[in-house]
Amino acid sequence: MSQSALPSLSVLLPTRDDFSTIRQTVRALSRQTVCDSLELVIIAPTEHIDVPADEVSMFASTRVVYGGRVRTSNHSRCRGVRAASAPFVVLSEDHSSPEPGWAAAIIAAHAEGFAVVGPVMINANPNSAMSWANLLLEYGPWLDGEVRRETDHLPGHNSSYYRAILMSYGDNLERMLENETVIQLDIASRGHRLLLEPGAKTRHLNFSRIRDSIPMRFNCGRSFAGHRVIGWSRSKRIAFAIGAPLIPLVRLTRVLRMVRASDRYSALFPRIIPMLALAVVADGLGEMVGYILGPGGAPDFLGTIEFNRVRSLNDTDQADYWKMIGDSA
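Because the structure is a prediction, the values reported are computed rather than measured.

### A word on the packing of aromatic side chains
- Summed over all chains, the structure comprises seven aromatic pairs.
- Taken together, a centroid distance of 4.6 Å and an interplanar angle of 55° make the contact between Trp232 and Phe240 tilted.
- By relative accessible area, which is 19% here, Trp232 ends up buried.
- Relative to Tyr291, the ring of Trp232 has its centre 6.1 Å away and its plane inclined at 10°; by these criteria the two rings are stacked. Taken together, the residues span a long stretch of sequence, with Trp232 in the loop between α9 (210–228) and α10 (234–243) and Tyr291 in helix α12 (residues 273–293) at a distance of 59 residues.
- Connected via pairs of aromatic rings, a cluster forms that spans Trp232, Phe240 and Tyr291.
- In this structure, Arg190 packs its charged tip against the face of Tyr169, placed 4.9 Å from the ring centre.
- The ring of Trp232 carries the charged tip of Lys236 above its face, separated from the ring centre by 4.2 Å.

### Digging into the pairing of strand β6 (residues 116–123)
- β6 sits mainly inside the fold: eight of its eight residues count as buried.
- The sheet contact formed by β6 and strand β9 (residues 194–204) spans seven bridges and is parallel. Across the sheet, the residue bridging to Met121 is Thr202, located in β9.

### A closer look at α12
- In this model, α12 (21 residues) spans 30 Å end to end at C-alpha, consistent with the 30 Å of a helix rising 1.5 Å per residue.
- Among the residues of α12, those classed as buried are Met275, Leu276, Ala279, Val280, Ala282, Asp283, Gly284, Gly286, Glu287, Gly290 and Tyr291.
- Phi for Gly294, located one or two positions after α12, is positive at around 85°.

The rules behind the values
- Residues numbered from 1 in each chain as written.
- Predicted model: local features only at pLDDT ≥ 70, side-chain atom pairs only at ≥ 80, totals over all residues.
- Heavy atoms only, no water.
- Phe/Tyr/Trp six-rings, centres within 6.5 Å; stacked < 30°, edge-to-face > 60°.
- Buried < 20%, exposed > 50% of the residue type's maximum accessible area, 1.4 Å probe, protein only.
- Helix = DSSP H or I, 4+ residues; strand = E, 2+ residues; numbered from the N terminus.
- Lys NZ or Arg CZ within 6 Å of the ring centre and 35° of its normal.
- Pairing = 2+ DSSP bridges.
- Expected span 1.5 Å × (residues − 1).

Now the structure itself:
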């Protein structure tokens, strides 16, 4: 790529501390078949982060954006969106490692006219029932094995957007991105097309420590409901809060039906039922509170735990993770 050419895709990667916690994601990005078409945008809490040149020399460009105090991961990503130079920006995480053909598939899908492109998700710590429970609740409709299709809802924190559309939200961008279901539905309502692209795969590391998973699920539910009710009448909020106790049963039934019907994932049944039931109850309680009281401190809480995911793995998953890191170093 010539020095004057713009990158095809800007990858936005926030860190709460330094380069060490995003190193594995950066290494996965460096193995992309089109890594020389990528701009890496690191959003850091300090201007003095040390980025090793040999770790990023393969990208079209690398820039570090000072994000200040990280309130939420999307607060950081909004800084990245505004600083990016590519026409498309893809959200990335320190616990999501794209497969080598991921970026090429996303770029090709955008070239077909899709405004938002989402990948399929692979479980990076598949030996834990709680890991599967969290992955199924967060990314169940987009697991590896899903077919290519247009949709109005794609994986949060891992999808790629036409930058001009995001910029059109102006000062409302951070609020809209706080729950990506909201912004994706709005983008679809404006006539833009969204695509699930199975050629783009990423390995996602999931919470597996129970004591971390339960408050995470509660706050996910509260954040979702709290942002969903913006603009609703008081009576509508109360009505949804009253119906919230049914949410765990509905979600549990839906997820288990999907698992049992899947040739690829049916072996998970019935061992995931206890952890999945625990997770959906916590999620449902969070939604009930969110409908009544709004998001409260849930976004700040989720922003705090979003980074350095290895801390929220159980002991077995941590041992497997560090072994994998040693084998790939």
